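Inside the fold
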Amino acid sequence: MKIIADDLTGPEIANLLTEHLRSLSLLSPPESMHALNLDALRQSDVTFWTVWENSQLLGCGALKQLDPTHAEIKSMRTAAVHLRKGVASTLLQHIIIEAKRRNYRRLSLETGAGEPFKPAQNLYTKFGFKPCAPFADYTEDPNSVFMTIQLPQQ
């Protein structure tokens, strides 16, 4: 697997993100959908990565700076045909290493609260994330689970 910083211009990533937003819209009401679209992912405070094997897109994820010490994981998605192959774990590890390199003290995320989101919650828990209160501009939402991890300072 190869992880690259992506400029979000390729058709493969556009298709994966469209699928991401479509599937979330089937699971969450509009007011509880916090996924970023292509334009939002292209903002200067977001770094976006894709995971590839040869010419096949396996997944994606992003890191959004909230302030100089706190960042948020966004748009974690594995292509359906590559689920349970370690794509998300590999990318999450990459994002955590990058967050530490940037000297963030805290890394947080929002994911869904229902049964379809249990695999994602389990992944984040495996990496040390713990439930937390809403952060940044989020508010309490029965359809959201908020998680965070304190990062050691180098």
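Residues numbered from 1 in each chain as written. Predicted model: local features only at pLDDT ≥ 70, side-chain atom pairs only at ≥ 80, totals over all residues. Heavy atoms only, no water.

1. Here we look at the overall build of the chain
Secondary structure assignment for the chain yields four helices and seven strands. From first element to last, N terminus to C terminus, the chain shows the α and β order β-α-α-β-β-β-α-β-α-β-β. Relative to its length of 154 residues, the chain is compact, with a C-alpha radius of gyration of 15 Å against a globular reference of 15 Å. Considered along the principal axes of its C-alpha atoms, the chain spans approximately 40 × 40 × 30 Å. Taken across its 154 residues, the chain has 43% of its residues classed as buried. Nonlocal contacts in the chain, meaning residues at least 24 apart in sequence, comprise 64% of its contacts between residues at least 6 apart. In the structure as shown, the chain presents an accessible area of about 8,300 Å², 51% of it carried by carbon and sulfur atoms. Treating the 16 positive side-chain charges of the chain as one cloud and the 16 negative ones as another, the clouds have centres 7 Å apart. (Helix = DSSP H or I, 4+ residues; strand = E, 2+ residues; numbered from the N terminus. Rg over C-alpha atoms; globule rule 2.2 N^0.38 Å. Buried < 20%, exposed > 50% of the residue type's maximum accessible area, 1.4 Å probe, protein only. Contact = heavy atoms within 4.5 Å. Areas by Shrake-Rupley, 256 points an atom, 1.4 Å probe, with all protein chains shown as cover. Lys, Arg positive; Asp, Glu negative; His and termini not counted. Charge placed at Lys NZ, Arg CZ, Asp CG, Glu CD.)

2. Quick notes on the side chain of threonine 78
By secondary structure assignment, the location of threonine 78 is in strand β4 (residues 70-78). Those residues within four positions of threonine 78 in sequence are excluded, and the remaining contacts are Leu58, Gly59, Leu83, Val87 and Ala88.

3. Some remarks on the confidence of the model for the chain
On average, the chain scores 93 in pLDDT, and the residues at 70 or more come to 99%. Per-residue pLDDT, averaged within each element of the chain, yields its smallest value for helix α1 (residues 11-27) (84) and its largest for strand β6 (residues 130-131) (98). (pLDDT = per-residue confidence, 0-100.)

4. What about the pattern of salt bridges?
Applying the stated criterion across every chain yields a total of six salt bridges. Here glutamate 19 and arginine 22 are joined by a salt bridge, their closest N and O atoms 3.6 Å apart. Here the residue glutamate 19 and the residue arginine 22 both occupy positions in helix α1, the gap between them amounting to three residues, near one helical turn. A salt bridge links glutamate 72 to lysine 74; the shortest N-O distance between them is 3.6 Å. Owing to a relative accessible area of 3%, glutamate 72 belongs among the buried residues under this scheme. Owing to a relative accessible area of 7%, lysine 74 belongs among the buried residues under this scheme. Taken together, the salt bridges that share partners define one network made up of Glu19, Arg22 and Arg77. (Salt bridge = Lys/Arg side-chain N within 4 Å of Asp/Glu carboxyl O.)

5. Things to note about the packing of helix α3 (residues 87-101) against helix α4 (residues 118-126)
α4 packs onto α3 with a crossing angle of 45° between their chain directions and a minimal axis gap of 11 Å. Taken together, α3 and α4 sit at an angle that is classed as oblique. Crossing angle aside, the handedness with which α3 passes α4 is right-handed. Every residue of α4 that contacts α3 at Ala88, Ser89 and Leu92 is listed here: Leu123, Tyr124 and Lys126. Grouping the constituent residues of the contact of α3 with α4 by class yields four nonpolar, one polar and one charged. (Axes fitted to C-alpha atoms, helices over the stretch in contact; angles between N-to-C directions. Parallel < 35°, antiparallel > 145°, perpendicular 65-115°, else oblique. Left-handed = near helix turned anticlockwise from the far one by under 90°. Nonpolar A, V, L, I, M, F, W, Y, C, P; charged D, E, K, R; others polar.)

6. Quick word on the sheet that holds strand β3 (residues 56-67)
With respect to topology, seven strands assemble into an open sheet ordered β1-β2-β3-β4-β5-β7-β6, the strand pairing being mixed. Looking at the sheet topology across the chains shown, the edges are occupied by β1 (2-5) and β6. Here α3 sits on the sheet and contacts β1, β2 (46-53), β3, β4 and β5 (106-112); the angle it forms with β3, its principal contact strand, is near 30°. (Pairing = 2+ DSSP bridges.)

7. So, the environment of alanine 99
Position of alanine 99 relative to the elements: it lies in helix α3. The buried category is assigned to alanine 99, whose relative accessible area is 0%. When the C-alpha atoms of alanine 99 and isoleucine 73 are compared, they prove to be 9.7 Å apart, with 26 residues separating the residues in sequence. Those residues in contact with alanine 99, other than ones at most four positions away along the chain, are Leu63, Tyr104, Leu107 and Leu151.

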